[in-house]
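Listed below are the residues making up each chain.
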Amino acid sequence: MIGRLNHVAIVVPDLDAAARLYRDTLGATVSAPLALPEHGVTTVFVELPNTKIELLHPLGEASPIAKFLAANPSGGMHHVCYEVDDIHAARDRLKAAGARVLGDGEPKTGAHGKPVLFLHPKDFCGTLVELEQV
Ligand code: CO
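All of these numbers come straight from a predicted model, not from anything done at the bench.

**Section: the overall build of the protein chain**
- Broken down by element type, the protein chain carries three helices and nine strands.
- Counting helices and strands in the order they occur from the N terminus, the protein chain gives β-α-β-β-β-β-α-β-α-β-β-β.
- The C-alpha radius of gyration of the protein chain comes to 15 Å, within 12% of the 14 Å expected for a compact globule of 134 residues.
- Oriented by its inertia axes, the alpha-carbon framework of the protein chain measures out at about 45 × 35 × 25 Å.
- Counting only residues that meet the buried cut, the protein chain has 41% of its 134 residues in that class.

In structure tokens:
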């Protein structure tokens, strides 16, 4: 059911420092910072040959990643995103298997303008999983 790894998201305490690390030390192609107020994050996209890394930093008081950064002050891996062809079919199959979908269970428009869902980390080996319909 799941397809390609779309991205791995890493929460970072200093977005400029993290962008420099990926660009200058690791030699990757790195985007300019992009503020996504509706998601409560500022993000830098790191383009790799086979996937992307999303560097995330909280934006605004109600950022959904503020608590994560408080608990992980050096930053840390936040979620992995797998591509699916049909997000409603994927959701229904996972719910039937007993997996918990976060929020109200309806897909939302994600950071790339495509429908996304998040799955409870306790049901997926301790990892927050995002599904994105591509
Ligand atoms: Co994501």
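The structure having been displayed, the exposition proceeds.
**Some remarks on the layout of surface pockets**
- In this structure, the largest pocket spans a volume of roughly 570 Å³.
- In this structure, the largest pocket is lined by 28 residues; those nearest its centre are His 39, Pro 64, Val 116, Phe 118 and Glu 130.
- Those elements that place two or more of their residues in the lining of the largest pocket are strand E4 (41–47), strand E5 (52–58), strand E6 (76–84), strand E7 (108–109), strand E8 (115–119) and strand E9 (128–133).

**With respect to the nonpolar core**
- Ranked by size, the top nonpolar core spans 24 residues in total, and within it Ile 10, Tyr 22, Val 46, Ile 53, Leu 55 and Leu 131 carry the most contacts.
- Looking at this core, the elements with two or more residues in it are strand E1 (5–11), helix H1 (15–25), E4, E5, E6, helix H3 (87–96), E8 and E9.
- At four residues, H1 tops the list of elements feeding residues into this core.
- Each residue touching Ile 10, except ones within four places of it in the same chain, is listed here: Tyr 22, Ile 53, Glu 54, Leu 55, Leu 56, Gly 76, Met 77 and His 78.
- Counting seven residues, the second-largest nonpolar core is a separate cluster that includes Val 11, Val 41, Leu 56 and Leu 69.

**So, the pattern of salt bridges**
- For the coordinates displayed, the defined rule picks out six salt bridges.
- We note a salt bridge from Asp 24 to Arg 23, for which the minimum N-O separation is 2.9 Å.
- With a relative accessible area of 51%, Asp 24 lands in the exposed category.
- Measuring nitrogen to oxygen at the nearest pair gives 3.0 Å for the salt bridge that ties Glu 106 to Arg 91. Here Arg 91 lies in helix H3 and Glu 106 lies in the loop between H3 and E7, a separation of 15 residues in the sequence.
- Glu 106 gets classed as partly exposed once you look at its relative accessible area, which sits at 39%.
- Salt bridges here are not isolated pairs; linked through shared partners, they connect Arg 91, Asp 92 and Glu 106.

**Let's talk about H1**
- For H1, the complete set of buried residues consists of Leu 15, Ala 18, Ala 19 and Tyr 22. Looking straight down H1, one finds that the buried residues subtend no more than 100° of arc, so they occupy a single side. Residues of H1 that are exposed and point over 90 degrees away from its buried face: Asp 24 and Thr 25.
- On its buried face, H1 is in contact with E1, strand E2 (29–30), E4 and E5.
- Capping the start of H1 is the job of one residue whose side-chain oxygen sits 3.1 Å from the backbone nitrogen of Asp 16: Asp 14.
- Phi for Gly 27, located one or two positions after H1, is positive at around 75°.

**Section: H3**
- Every buried residue belonging to H3 is among Ile 87, Ala 90, Arg 91 and Leu 94, and all of these are buried. One side of H3 carries all its buried residues, which in axial view fall inside an arc of 100°. Among the exposed residues of H3, those pointing more than 90 degrees away from its buried face are Arg 93 and Ala 96.
- Residues of H3 that are buried make contact with E6, E8 and E9.
- Among the residues trailing H3, Gly 98 stands out with phi positive, at a value near 95°.

So, how was this worked out
- Residues numbered from 1 in each chain as written.
- Predicted model: local features only at pLDDT ≥ 70, side-chain atom pairs only at ≥ 80, totals over all residues.
- Heavy atoms only, no water.
- Helix = DSSP H or I, 4+ residues; strand = E, 2+ residues; numbered from the N terminus.
- Rg over C-alpha atoms; globule rule 2.2 N^0.38 Å.
- Buried < 20%, exposed > 50% of the residue type's maximum accessible area, 1.4 Å probe, protein only.
- 1 Å grid on protein atoms, 1.4 Å probe; cavity = no way out; pocket = protein on both sides within 12 Å on 5 of 7 lines; lining within 4 Å.
- Points joined across faces, edges and corners; volume = space filled by probe spheres on them.
- Core = buried A, V, L, I, M, F, W, Y, C linked by side-chain atoms within 4.5 Å.
- Contact = heavy atoms within 4.5 Å.
- Salt bridge = Lys/Arg side-chain N within 4 Å of Asp/Glu carboxyl O.
- Arc of directions from axis to C-beta.
- Polar contact = N/O pair within 3.5 Å; in protein donor to acceptor, adjacent residues only side chain to side chain.

These figures capture arrangement, not role.
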